[in-house]
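# Observations on chain architecture
This is what each chain is made of:
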Amino acid sequence: MSGAVIHWFRRDLRLGDNLALHEAIKSGAPVIPVFVFDPAILKSERSGAPRMALLLKALDALDGELRGYGKGLLVRTGDPLDVLPSLVAESRAQAVFLNRDYSPFAVRRDNALAERLPIPVHAFDDAMLMPPSHIVKSDGRPYTVYTPYKNNWRKQQKPSISTLELNSSHFHNLTGLNGQDLPTLAELGFKSSVETPQVGEAAALQKLDAFVAQDIFTYREDRNRLPIDPFAAERPVGSSFLSPYFRLGMLSPRQAYWAAREAYERAPNETSRESVSTWVDELIWREFYMQILANFPHVNTDNFRPEYNALDWRHAPEELQAWQEGQTGYPIVDAAMRQMNTVGWMPNRARMIVASFLCKDLLIHWKEGERYFMQRLFDGDPAANNGGWQWAAGTGTDAQPYFRIFNPVSQSQKFDPDGTYIRHFVPELQAVSAKFIHAPWEMDSPPKGYPAPMVDHSAARERTLAAFKAVKAGEAEAHY
């Protein structure tokens, strides 16, 4: 068994364009592919049943791919800092290969692993086109504003897709290494009624191909739509719906970028090219927030801008629960929250609306919303989720100005004008006309069974402005 190397799969559940895996194979030693269920992650308040269900299906698909070359995926449960040294001892492995993750927890864990193992740990920046240290200001410091980061990012030469012809000799036969069957969702301690979309590397590439074949050319104008079923066979217009595949690494950012570049070259007109560029901007936003998390790990638990630590957020558990359950009395907010609770996904425009409502109308801390999103979304990503919530709250990088507060009624009128999205997820309002669908409390006889607005938006707006102005006034006094 001597001479083997280990590839530790984490959020890179694919064989194609997998930098660490391909380097492990190039070492010439048979590769032991392993996945470790870490109880610390399973018990985390940020873990959720929909994403765990997606993970299990993705691992099953990966195992199926690996069985075509050998014995499949070696699965174990336990603290990786114990499991991997044990596996190294059993297999007499010569090295461990892995792709970096940038959350504070993952960084601490990987550093501890490298110190504990008596063999080399080779780490690669597979999850990003431009690793955190590659895009910096002229003085070497990381960017904290998106636009200059984007401008620099676009100037850089992008890495090509890693291609490698795989065969059975590349993988260890796992003889003498005890693994386990993939657990069920219940065995992991989760329960979910959310239907999981089609998963796996092949499914991810198929969805990417379908998107760049047509919808990427209208993405700029369609991205604010509110699709009802993003995973339907007849995929609705409005998003690429690739975020769950990015989240677990069933798709690489290089595959996505070069597919977009190819689409840009064959775009029929300038408007279509601008649309492709707009979608690439979303890839850049993803990398911007990942480098923020890597360079400023405090954002994982605190405001990016520490001056807002003084903000007087409200503790209102009943209001938080009403928001979580889609019972706020604002139809667009409730429809979006109910969609997430039942589908495991929410359009980006809807995410901004519900985040603004929680932080600005209810003045409840963004951490509450960020945590709930992580529990409910297939694509809950530590960096993007945190960045989006702090943007909405006004406490992060490129933050929305604190005085710019989304009006849920005007947002509803603009992005769901006929109420189709609302009626689908809020059946209590199915009989309400388009005239009142955005503000049913204005009807002479509001629909029974649907709550009145839990807060007056205008009054809530003034309350939030006062809270933020108090922080600003405190800043002024501190500098006086």
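Let me begin by describing the structure that accompanies this report. Quick caveat, the model's predicted, so the values are computed rather than measured.

Of regular secondary structure, the protein chain possesses 19 helices and five strands. Considered along the principal axes of its C-alpha atoms, the protein chain spans approximately 80 × 60 × 50 Å. The buried share of the protein chain, taken over its 480 residues, is 56%. Residue pairs in contact within the protein chain that sit at least 24 positions apart in sequence constitute 78% of those at least 6 positions apart. When the 52 basic and 57 acidic side-chain charges of the protein chain are each reduced to a single mean position, those positions are 2 Å apart.

Read from one edge of the open sheet, five strands run β3-β2-β1-β4-β5, paired in parallel fashion. For this open sheet the edge positions go to β3 (74-77) and β5 (121-124), each flanked by a neighbour on one side alone. Across the sheet, the axes of successive neighbouring strands diverge by a mean angle of 30°, strand direction being ignored. With four bridges joining them, strand β2 (residues 31-37) and β3 adopt parallel strand pairing. Looking at β3, one finds that valine 36 is bridged to arginine 76. Strand contacts of helix α5 (residues 104-116): β1 (5-9), β4 (96-99) and β5, with the helix running at about 165° to β1, the strand carrying the most contacts.

With that settled, consider the packing of aromatic side chains. All chains considered together, the criterion is met by 24 aromatic pairs. Here the aromatic rings of tyrosine 69 and phenylalanine 171 are separated by 5.8 Å at their centres, their planes lie at 35°, and the arrangement is tilted. With tyrosine 69 in the loop between α3 (49-67) and β3 and phenylalanine 171 in the loop between α6 (146-155) and α7 (201-213), the pair connects residues that are 102 residues apart, well separated along the chain. Tyrosine 69 gets classed as partly exposed once you look at its relative accessible area, which sits at 24%. Under the relative-accessibility criterion, phenylalanine 171 is labelled buried at 7%. Here the aromatic cluster, defined as three or more aromatic residues joined through ring pairs, consists of Tyr143, Tyr146, Tyr149, Trp285, Phe288 and Tyr289. Sitting over the face of the ring of tryptophan 153, lysine 158 holds its NZ or CZ atom 4.5 Å from the ring centroid.

With that out of the way, let us pick up the pairing of β4. Burial of β4 is two-sided: the residues Val96 and Leu98 facing one way and the residues Phe97 and Asn99 facing the other way are all buried. Both β1 and β4 contribute to a ladder of two bridges, which runs parallel. Its bridge partner being in β4, isoleucine 6 is matched across the sheet by valine 96. For β4 and β5, the ladder comprises four bridges, and the chain directions are parallel.

Position of glutamate 368 relative to the elements: it lies in helix α15 (residues 366-376). Taking the C-alpha atoms as reference points, glutamate 368 and glycine 28, 340 residues apart in sequence, are found 48 Å from one another. Not counting the four nearest positions on each side in its chain, glutamate 368 is found in contact with Leu320 and Leu358.

This part takes up the packing of α7 against helix α10 (residues 253-265). Two numbers describe how α7 lies on α10: the axes approach to 10 Å, and their chain directions differ by 25°. Between α7 and α10, the angle falls in the class roughly parallel. In the crossing of α7 with α10, the sense of the turn from one axis to the other is right-handed. Seen from α7, the contacting residues are Leu205, Leu208 and Val212; seen from α10, they are Gln255, Ala256, Ala259, Ala260 and Ala263.

Glancing now at the pattern of salt bridges. Applying the stated criterion across every chain yields a total of 27 salt bridges. With a shortest N-O distance of 3.6 Å, arginine 371 and glutamate 45 are connected by a salt bridge. Here arginine 371 is found in helix α15, whereas its partner glutamate 45 is found in the loop between α2 (39-42) and α3, with 326 residues between them in sequence. For arginine 371, a relative accessible area of 22% translates into the label partly exposed. Note on glutamate 45: relative accessible area 46%, which makes it partly exposed.

So, about the nonpolar core. Trp279 and Trp323 are the most contacted members of the largest nonpolar core, which totals 134 residues. Tryptophan 279 has contacts with Leu208, Phe211, Ile216, Tyr219, Ser240, Leu242, Ala256 and Ala260, leaving out every residue within four places of it along the chain.

As a further point, take the side chain of arginine 109. When you line up the elements, arginine 109 lands in helix α5. Each residue touching arginine 109, except ones within four places of it in the same chain, is listed here: Trp8, Arg10, Ile41, Pro80 and Leu81.

Orientation of helix α14 (residues 348-361) relative to helix α16 (residues 382-393), taken along the N-to-C sense of each, is 55°, at an axis distance of 8 Å. The angle between α14 and α16 falls in the class oblique. The chirality of how α14 crosses α16 is right-handed. Across from Met352, Val354, Ala355, Ser356, Leu358, Cys359 and Lys360 in α14, the residues of α16 making contact are Trp389, Trp391, Ala392 and Ala393. For the contact of α14 with α16, a count of residues per class yields nine nonpolar, one polar and one charged.

Even without being glycine, aspartate 17 reaches a positive phi, approximately 45°. Topologically, aspartate 17 is positioned in the loop between β1 and α1 (19-26). You can call aspartate 17 buried: its relative accessible area is 1%.

Here the focus is α5. The terminal C-alpha atoms of α5 lie 18 Å apart, and with 13 residues this matches the ideal 18 Å at 1.5 Å per residue to within 8%. On its buried side, α5 packs onto β1, α2, α4 (80-91), β4 and α11 (270-295).

Examined against the element boundaries, phenylalanine 124 turns out to sit in strand β5. Along the sequence, phenylalanine 124 and phenylalanine 190 sit 66 residues apart, while their C-alpha atoms lie 31 Å from each other. Leaving out residues up to four positions away in the same chain, phenylalanine 124 has contacts with Leu19, Ala20, Glu23, Phe97, Leu98, Asn99 and Arg100.

Inspection of the secondary structure assignment puts aspartate 416 in the loop between α17 (408-415) and α18 (420-425). Buried aspartate 416, no salt bridge; nearest opposite-charge side chain is arginine 423, N-O distance 6.7 Å. Polar contacts involving the side chain of aspartate 416 include one to the main-chain amide nitrogen of tyrosine 421, which spans 3.1 Å. Ignoring anything within four residues of it in the chain, the contact list for aspartate 416 reads Leu226, Ile332, Gln411, Tyr421, Ile422 and His438.

Thresholds applied
- Residues numbered from 1 in each chain as written.
- Predicted model: local features only at pLDDT ≥ 70, side-chain atom pairs only at ≥ 80, totals over all residues.
- Heavy atoms only, no water.
- Helix = DSSP H or I, 4+ residues; strand = E, 2+ residues; numbered from the N terminus.
- Buried < 20%, exposed > 50% of the residue type's maximum accessible area, 1.4 Å probe, protein only.
- Contact = heavy atoms within 4.5 Å.
- Lys, Arg positive; Asp, Glu negative; His and termini not counted.
- Charge placed at Lys NZ, Arg CZ, Asp CG, Glu CD.
- Pairing = 2+ DSSP bridges.
- Axes fitted to C-alpha atoms, helices over the stretch in contact; angles between N-to-C directions.
- Phe/Tyr/Trp six-rings, centres within 6.5 Å; stacked < 30°, edge-to-face > 60°.
- Lys NZ or Arg CZ within 6 Å of the ring centre and 35° of its normal.
- Parallel < 35°, antiparallel > 145°, perpendicular 65-115°, else oblique.
- Left-handed = near helix turned anticlockwise from the far one by under 90°.
- Salt bridge = Lys/Arg side-chain N within 4 Å of Asp/Glu carboxyl O.
- Core = buried A, V, L, I, M, F, W, Y, C linked by side-chain atoms within 4.5 Å.
- Nonpolar A, V, L, I, M, F, W, Y, C, P; charged D, E, K, R; others polar.
- Expected span 1.5 Å × (residues − 1).
- Polar contact = N/O pair within 3.5 Å; in protein donor to acceptor, adjacent residues only side chain to side chain.

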